[in-house]
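Summary of structural features
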Amino acid sequence: MNILGATLRICVEDLEASVEFYERLAGTEAMRFERGGVSVAAIGCFLLMSGPEQELEVLRKVTATIAVEDVEEAEQVLHASGARVIAGPLPTPVGRNLIALHPDGAVFEYADRRAVL
């Protein structure tokens, strides 16, 4: 599995105010989308999320998003390494993802940018 990078997940109360700060910090504009009632802004290595507390409570359990070339390959490596996939792989607005529980209890999202055909 080739890990391409990581995205820091940040739950915020005021998405608009936070987007302005992180756009300046990262020097790039936000890519926005909605998922499951949560408003999301991807800005550089930051993923800002705002929405209903019950949704954010679940999202806060995921430590970070790991960018990979191929989610299905990541799934195979994770299984072989003792991790357990607890959600996915599923299509997203920009590719596919899965959520994995590592043997140490850490939870990570793995995501690629491959469109589902």
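The structure this text deals with has already been given above.
A quick note: this is a predicted structure, and the numbers were derived from the prediction, not measured.

Brief notes about the sheet that holds strand β5 (residues 64–68)
Taken together, eight strands build an open sheet; the order of strands is β2-β3-β4-β1-β5-β8-β7-β6 and the sheet is mixed. Edge positions in the sheet fall to β2 (31–35) and β6 (84–91), since each has one partner strand and no second. Sheet twist, expressed as the average angle between the axes of neighbouring strands with direction ignored, equals 25°. Alignment of β5 against strand β8 (residues 107–112), held across three bridges, turns out to be parallel. Bridging across to β8, Thr-65 finds its partner in Glu-109. Lying over the sheet, helix α3 (residues 71–80) contacts β5, β6, β7 (96–101) and β8, oriented at roughly 15° with respect to β7.

Considerations on the pattern of salt bridges
Applying the stated rule across the entire model yields seven salt bridges. Across the pair Glu-20 and Arg-24 runs a salt bridge whose closest N-O atoms are separated by 3.4 Å. In this pair, Glu-20 and Arg-24 both sit in helix α1 (residues 15–26), four residues apart, roughly one turn of the helix. Arg-24 sits in the exposed class, given a relative accessible area of 68%. Across the pair Arg-96 and Asp-112 runs a salt bridge whose closest N-O atoms are separated by 2.5 Å. Remark: Asp-112 occurs in strand β8 and Arg-96 occurs in strand β7; sequence separation between them is 16 residues. Among the charged side chains, a salt-bridge network with shared partners connects Asp-70, Glu-72, Arg-96 and Asp-112.

Regarding unusual backbone geometry
In this chain, Gly-88 is followed by Pro-89 through a cis amide linkage whose omega measures 5°. Tracing the backbone shows Pro-89 in strand β6.

Let's talk about the nonpolar core
Of all hydrophobic cores here, the largest spans 13 residues; its most connected members are Ile-66, Val-68, Leu-78, Leu-98, Ala-100, Phe-108 and Tyr-110. For this core, the secondary structure elements donating two or more residues are β5, α3, β7 and β8. Not counting the four nearest positions on each side in its chain, Tyr-110 is found in contact with Met-1, Ile-66, Val-68, Val-71, Ala-74, Leu-78, Arg-96, Asn-97, Leu-98, Ala-100 and His-102. Core analysis: the second largest hydrophobic core is formed by nine residues, Val-19, Tyr-22, Ala-30 and Ala-41 among them.

The rules behind each value
- Residues numbered from 1 in each chain as written.
- Predicted model: local features only at pLDDT ≥ 70, side-chain atom pairs only at ≥ 80, totals over all residues.
- Heavy atoms only, no water.
- Pairing = 2+ DSSP bridges.
- Helix = DSSP H or I, 4+ residues; strand = E, 2+ residues; numbered from the N terminus.
- Axes fitted to C-alpha atoms, helices over the stretch in contact; angles between N-to-C directions.
- Contact = heavy atoms within 4.5 Å.
- Salt bridge = Lys/Arg side-chain N within 4 Å of Asp/Glu carboxyl O.
- Buried < 20%, exposed > 50% of the residue type's maximum accessible area, 1.4 Å probe, protein only.
- Core = buried A, V, L, I, M, F, W, Y, C linked by side-chain atoms within 4.5 Å.

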